[in-house]
Amino acid sequence: GAGVSQSPRYKVAKRGQDVALRCDPISGHVSLFWYQQALGQGPEFLTYFQNEAQLDKSGLPSDRFFAERPEGSVSTLKIQRTQQEDSAVYLCASSSGQGAHSNSPLHFGNGTRLTVT
Amino acid sequence: DAKTTQPTSMDCAEGRAANLPCNHSTISGNEYVYWYRQIHSQGPQYIIHGLKNNETNEMASLIITEDRKSSTLILPHATLRDTAVYYCIVRPRNNAGNMLTFGGGTRLMVKP
């Protein structure tokens, strides 16, 4: 079946531009996560949705970062006024589980590589 | 949150078993051990997870010590395509969601 799909695969933005990154999770998955992965590092948590509710946004690095999932399916991560330090791979993951006691694995997309010049 | 410690890198000969260790000495009783791997330019891929008992699936085996303070991921017959970064993760228990906290992982190089 179809996995998690992310678009675009690559994005180049000039410093100061706004960008929008899209995530199509696995159909029916309740939980959706965004991660940021700098070169040579492990992924770092940004934010978590359960259906359309954003339950945890503790990992968002600044108020320039905004995520939404209005209908509980597709999600968009928006970065306003991009800076060079925003250059990274942005990964989306979905899971059929929900809540603190779920052990359902996360399924990741292949990410969007953002380069800010 | 329980933290994990893994070797930075390991080599393995093609066709041999790859044994990847992980220490998680502060793990709590209801925390699971997860293993993911990340092949270059791809997203992390789920491999296996366990709580107390050893687990096996079509990809790998997971051996967890009786005191749960360490575990080993075993790839029984490593191939070149198994070259990747392997992450051992203990899932936090006090979250609204079931997010994973990644460390640095082990870079496994399978050599011909």
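Conventions and cut-offs
Residues numbered from 1 in each chain as written. Chains lettered and ligands numbered in written order. Predicted model: local features only at pLDDT ≥ 70, side-chain atom pairs only at ≥ 80, totals over all residues. Heavy atoms only, no water. Helix = DSSP H or I, 4+ residues; strand = E, 2+ residues; numbered from the N terminus. Rg over C-alpha atoms; globule rule 2.2 N^0.38 Å. Contact = heavy atoms within 4.5 Å. Areas by Shrake-Rupley, 256 points an atom, 1.4 Å probe, with all protein chains shown as cover. Lys, Arg positive; Asp, Glu negative; His and termini not counted. Charge placed at Lys NZ, Arg CZ, Asp CG, Glu CD. Pairing = 2+ DSSP bridges. Axes fitted to C-alpha atoms, helices over the stretch in contact; angles between N-to-C directions. Salt bridge = Lys/Arg side-chain N within 4 Å of Asp/Glu carboxyl O. Buried < 20%, exposed > 50% of the residue type's maximum accessible area, 1.4 Å probe, protein only. Buried area = accessible area lost by both parts, 1.4 Å probe. Polar contact = N/O pair within 3.5 Å; in protein donor to acceptor, adjacent residues only side chain to side chain. Nonpolar A, V, L, I, M, F, W, Y, C, P; charged D, E, K, R; others polar.

Engineer: Please explain the overall build of chain A as it appears in this structure.
Structural biologist: The number of helices and strands found in chain A is zero helices and 11 strands. Relative to the 2.2 N^0.38 estimate, which gives 13 Å for 117 residues, the radius of gyration of chain A is 13 Å and therefore close to what a compact globule would have. A separation threshold of at least 6 residues defines the contact pool for chain A, and within that pool the share at least 24 residues apart is 55%. As displayed, chain A offers around 5700 Å² of accessible surface, 44% of which is attributable to carbon and sulfur atoms. Placing the 11 positive and 10 negative side-chain charges of chain A at their respective mean positions leaves the two points 7 Å apart.

Engineer: Which parts of the structure should I look at to understand the sheet that holds strand β1 (residues 5-7) of chain A?
Structural biologist: Sheets are built from strands paired through backbone hydrogen bonds, the pairs being either parallel or antiparallel. Residues and elements named next belong to chain A. Spatial strand order, β1-β3-β8-β7: four strands in an open sheet with antiparallel pairing. Two strands close off the open sheet at either side, each with one partner strand: β1 and β7 (65-68). Averaged over neighbouring strand pairs, the angle between their axes works out to 15° when direction is ignored. Where β1 lies against strand β3 (residues 19-24), three bridges are found, and the strand directions are antiparallel. Across the sheet, residue S5 finds its bridge partner in β3, namely D24.

Engineer: Explain the pattern of salt bridges to me, please; I cannot follow it from the model alone.
Structural biologist: Two side chains carrying opposite charge are able to pair once their charged atoms lie near each other. All names here are of chain A. Tallied over the entire structure, the rule returns five salt bridges over all chains. For the salt bridge of D24 with R22, the shortest nitrogen-to-oxygen distance reads 2.7 Å. A relative accessible area of 38% places R22 in the partly exposed class. For K78, the salt bridge is made with E68, and the minimal N-O distance between the two is 3.3 Å. With K78 in strand β8 (residues 75-79) and E68 in strand β7, this residue pair connects regions lying 10 residues apart in the sequence.

Engineer: When you look at the environment of R16 of chain B in this model, what are you seeing that I'm missing?
Structural biologist: Residues and elements named next belong to chain B. Mapped onto the elements, R16 comes out in the loop between β1 (9-13) and β2 (18-23). A residue is classified by how much of its surface remains accessible, and R16, at 58% relative accessible area, is exposed. Along the sequence, R16 and V110 sit 94 residues apart, while their C-alpha atoms lie 9.2 Å from each other.

Engineer: Just to check I follow, could you spell out the interface of chain B and chain A for this structure?
Structural biologist: The accessible area lost on association of the parts is a frequent measure of interface size. Taken together, the 21 residues of chain B in the interface contact 26 residues of chain A. Roughly 1800 Å² of surface becomes buried between chain B and chain A when both sides are summed, with 50% attributable to carbon and sulfur atoms. Where chain B packs against chain A, one counts zero salt bridges. Linking chain B with chain A are five residue pairs in polar contact (both at pLDDT 80 or more). For the side of chain B that touches chain A, the elements supplying multiple residues, two or more each, are β3 (33-38) and β4 (45-50) of chain B. Counting residues per element, the side of chain B that touches chain A draws most heavily on β3 of chain B, at three residues. Grouping the constituent residues of the side of chain B that touches chain A by class yields 10 nonpolar, nine polar and two charged.

Engineer: What is the right way to look at the pairing of β3 of chain A in this model?
Structural biologist: Look at any regular strand and the pattern is simple: side chains alternate between the two faces of the sheet. All names here are of chain A. The alternating pattern of β3 places V19, L21 and C23 on a buried face and A20, R22 and D24 on a face that is not buried. In terms of strand pairing, β3 meets β8 through five bridges, oriented antiparallel. Within β8, the position partnered with R22 by the bridge is T76.

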